[in-house]
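# Report on the structure
Read off the chains here:
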Amino acid sequence: DPLQKAVTLAPADGAVNLSLAEALLGCGQAPGAWQVLLRTKPALSSTARWNGLAGETAFRLHQPKEALGYLRKTLELEPKVESHWMKMGEFLLANESDQAAAAYFAAGLKELPDSPALHVGLAVAELAGGGRTEESLALLEKALTLEPGFEPALLALCRAYEQLRDSLRLSEVALRWQRLNGKRWEPYYFQAVARGGRGEPVNTESIELLRRAIRLN
């Protein structure tokens, strides 16, 4: 409501309009956000922020072709911004374009080689495509070298080892994650999964791990 009033008071203020579009999008009101973006297109369509919002909004409105165009434009305007590469990769993954997503994440890493998020993005895209497993696992470990507490990398590692049925390494990663953040439910769940994967009979310890995961979420 305050942003709506701000736009009424300053209808030509681009920053205020884009803040309103972001707020509407965050509230799940993509059609309203789209109306704001259309209204500001003549003045702001040459900016990365406008194109990024337009891409995300078009995606929410099930307009993938338009979303792709806006996200590409965002990257052309600001190639050094990590979130732009992540949005593009996530969009392509959501549309089952694993190879295209991997290509974008790889291109992003050339621009931002120290980005943990882009390392995870590339690894997830490659794993989704069913190839380069060891290279993908190495990318996830590299992300954790860059930022030891980067939880998306820990989650991706756990899911990868679960799919690979590598119970030993799954247990090791889950325990490492628990030591970093004992308030997340996932480490306890994956430890229980690892115990089952090793063929251990269900016991009170496994049940307690699952109960603890449930208590946390």
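The structure we're discussing is the one just above.
A few points on the structure. (Residues numbered from 1 in each chain as written. Predicted model: local features only at pLDDT ≥ 70, side-chain atom pairs only at ≥ 80, totals over all residues. Heavy atoms only, no water.)

## Thoughts on the nonpolar core
- Membership of the largest hydrophobic core comes to 58 residues, with the highest contact counts inside it found for L37, W50, F105, L118, V120, L157 and C158.
- Examining the composition of this core, we find that eight residues originate from one element, helix α10 (residues 151-163), more than from any other.
- Dropping the residues within four chain positions of it, F105 is found in contact with W85, M86, G89, E90, L93, L118, G121, L122 and A125. (Core = buried A, V, L, I, M, F, W, Y, C linked by side-chain atoms within 4.5 Å. Buried < 20%, exposed > 50% of the residue type's maximum accessible area, 1.4 Å probe, protein only. Helix = DSSP H or I, 4+ residues; strand = E, 2+ residues; numbered from the N terminus. Contact = heavy atoms within 4.5 Å.)

## Some details on the pattern of salt bridges
- This model, assessed by the stated rule, comprises 10 salt bridges.
- R184 is the salt-bridge partner of E186, the closest N and O atoms lying 2.7 Å from each other.
- The residue E208 makes a salt bridge to R215 at a minimum N-O spacing of 2.8 Å.
- Under the relative-accessibility criterion, R215 is labelled exposed at 57%.
- Connected via shared salt-bridge partners are E56, R60 and K87. (Salt bridge = Lys/Arg side-chain N within 4 Å of Asp/Glu carboxyl O.)

## What about the packing of aromatic side chains?
- Scanning all chains against the criterion turns up six aromatic pairs.
- A ring pair is formed by W85 and Y104, whose centres lie 6.4 Å apart and whose planes are at 50°; its orientation type is tilted. Separated by 19 residues along the polypeptide, W85 in helix α6 (residues 82-94) and Y104 in helix α7 (residues 98-111) bring together distant segments of the chain.
- Classification of W85 as buried rests on a relative accessible area of 7%. (Phe/Tyr/Trp six-rings, centres within 6.5 Å; stacked < 30°, edge-to-face > 60°.)

## Comments concerning the packing of helix α4 (residues 48-60) against helix α5 (residues 64-77)
- Two elements in contact, α4 and α5, have axes whose closest approach is 8 Å; the angle formed by their N-to-C orientations is 155°. With respect to α5, the element α4 is oriented roughly antiparallel. The two elements α4 and α5 meet at a crossing, and its hand is left-handed. Taken together, the residues of α5 that come into contact with α4 (itself represented by A48, W50, N51, G52, A54, G55, A58 and F59) are E66, A67, Y70, L71, K73, T74 and L77.
- Among the residues forming the contact of α4 with α5, the class breakdown is nine nonpolar, four polar and two charged. (Axes fitted to C-alpha atoms, helices over the stretch in contact; angles between N-to-C directions. Parallel < 35°, antiparallel > 145°, perpendicular 65-115°, else oblique. Left-handed = near helix turned anticlockwise from the far one by under 90°. Nonpolar A, V, L, I, M, F, W, Y, C, P; charged D, E, K, R; others polar.)

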